[in-house]
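So you can see what is in the structure, the chains are spelled out below.
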Amino acid sequence: MTDPAYFEHLYRTDPDPWLLDSAPYEERKRELTLASLPRPQYRRAFEPACAAGQITQLLTRRCDEVVAMDLVDLALERLGQRALDRVDARRGSIPQDWPDGAFDLVVLSEVLYFLSPEDRALTARRTVESLTDDGQVLAVHWRHDFDEAASRPDDAHADLHAAGLRGVVTHVERDFRLEVLERA
């Protein structure tokens with residue numbers, strides 16, 4: 001697993017460490033992410049590693065409730081500045097701090113490749129276990145190797161398939177892979 005101090009340092013030294021608020025690439029990817037969701041509305045979503053809430057904000061348009069989690073307090077403070085309704089913001093990380101209850105949407109955006117192989121497999125199992133019968137998983141990840149990653153992005157998606165999920169929407173580009181999955 002990537003050292004949590006890495007993320008703390010990023011947020012202390014840069015208000016937008018991944019250019020999530022400013023890069024055209026990120027804006028396009030968010031738009032594709034939301035457009036890829038097959039249903040117009042979801043009851044309860046879980047978004048671990050929510051960062052400053054860029055995707056969280058979009059999810060509130062389509063979800064009755066969003067449980068948003070991040071391990072960095074400063075990221076959660078920035079999420080709070082968005083003053084979003086229907087968001088339950090929590091400090092924690094996956095797979096250890098998985099919230100109770102069922103979800104009909106789990107959003108795994110740019111997070112799985114930071115986990116060890118064991119934690120990725122446990123996250124995949126917990127994802128499946130927490131899904132409602134009609135639940136879906138949205139997974140989107142950068143496809144290039146980088147030093148801080150504990151695994152390759154495409155390996156992370158393979159873990160979701162190995163846990164019994166199948167793709168219903170797949171979008172693969174040179175830079176990122178996006179899938180919507182549900183129980184096989």
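All values derive from a computational prediction rather than experimental measurement.

So, how was this worked out
The residue numbering used here restarts from 1 in each chain and proceeds along that chain's sequence as written. The predicted origin of the model limits local features to residues at a pLDDT of at least 70 and limits the giving and counting of side-chain atom pairs to 80 or more, whereas totals for whole chains, interfaces and linings rest on all residues. Side-chain numbers here rest on the full set of heavy atoms in the structure, without hydrogens or water. The numbering of helices and of strands both runs from the N terminus, where a helix is a DSSP run of H or I of at least 4 residues and a strand a run of E of at least 2. To sort residues, take the accessible area from a 1.4 Å probe on protein chains only and compare it with the maximum for the residue type: under 20% means buried, over 50% means exposed, and anything in between is partly exposed. The contact criterion used throughout is that any non-hydrogen atoms of two residues lie within 4.5 Å. To be clear on the numbers: accessible area is Shrake-Rupley with a 1.4 Å probe, and residue cover counts the displayed protein chains and nothing else. pLDDT is defined as a per-residue confidence score from the predictor, taking values between 0 and 100. By construction, the arc corresponds to the directions joining the helix axis to the C-beta atoms. Whenever a carboxyl oxygen of Asp or Glu lies within 4 Å of a side-chain nitrogen of Lys or Arg, that contact is scored as a salt bridge. Two aromatic rings, drawn from Phe, Tyr or Trp (for Trp, its six-membered ring), form a pair once their centres lie within 6.5 Å of each other, and the interplanar angle then sorts them: stacked below 30 degrees, edge-to-face above 60, tilted otherwise.

Remarks on the overall build of the chain
Thought 1: Helix and strand counts for the chain come out as 6 helices and 7 strands.
Thought 2: When the helices and strands of the chain are listed from N to C terminus, the series reads α-α-β-α-β-α-β-β-α-β-α-β-β.
Thought 3: Considering the chain as a whole, with its 184 residues, one finds that 52% of them fall into the buried category.
Thought 4: Sequence-distant contacts in the chain: of pairs separated by 6 or more residues, those separated by 24 or more amount to 63%.
Thought 5: Surface exposure of the chain reaches about 8,500 Å², of which carbon and sulfur atoms provide 49%.

A closer look at the confidence of the model for the chain
Thought 1: Summarising the model, the chain shows a mean pLDDT of 87, and 84% of its residues fall at 70 or more.
Thought 2: Strand β1 (residues 42-48) holds the highest mean pLDDT among the elements of the chain, 98, whereas helix α1 (residues 4-13) holds the lowest, 65.

Side note on helix α4 (residues 73-80)
Thought 1: For α4, the set of buried residues is A75, L76, R78 and L79. Projected onto a plane normal to the axis of α4, the buried residues spread over an arc of 160° and lie on a single side.

Some remarks on the environment of G80
Thought 1: Position of G80 relative to the elements: it lies in helix α4.
Thought 2: Once the C-alpha coordinates of G80 and A52 are considered, the two residues, 28 residues apart in sequence, prove to be 8.2 Å apart.

Focus on the environment of V111
Thought 1: With respect to the helices and strands, the residue V111 is situated in the loop between β4 (103-109) and α5 (117-130).
Thought 2: V111 has contacts with A49, I94 and H141, leaving out every residue within four places of it along the chain.

Some points on the side chain of R177
Thought 1: Inspection of the secondary structure assignment puts R177 in strand β7 (residues 176-183).
Thought 2: Among residues more than four places away in sequence, those in contact with R177 are A139, V140, H141, R143, D154, H157, H171 and V172.

Examining the pattern of salt bridges
Thought 1: The full count for this structure, using the stated rule, is 14 salt bridges.
Thought 2: Measuring nitrogen to oxygen at the nearest pair gives 2.6 Å for the salt bridge that ties E173 to R28. With E173 in the loop between β6 (165-172) and β7 and R28 in helix α2 (residues 24-35), this pair connects stretches of sequence that are 145 residues apart.
Thought 3: Residues joined in a network through salt bridges with shared partners are R39, R43, D104 and D134.

Focus on the packing of aromatic side chains
Thought 1: Enumeration over the complete set of coordinates arrives at 3 aromatic pairs.
Thought 2: Note on F46 and W98: the rings are 4.9 Å apart at their centroids and 75° apart in plane angle, and the pair reads as edge-to-face. Within this pair, whereas F46 is found in strand β1, its partner W98 is found in the loop between β3 (87-91) and β4, the two being separated by 52 residues in sequence. In terms of burial, F46 and W98 fall into one category: buried.
Thought 3: Every member of this aromatic cluster is reached through a ring pair, and the members are F46, W98 and F103.

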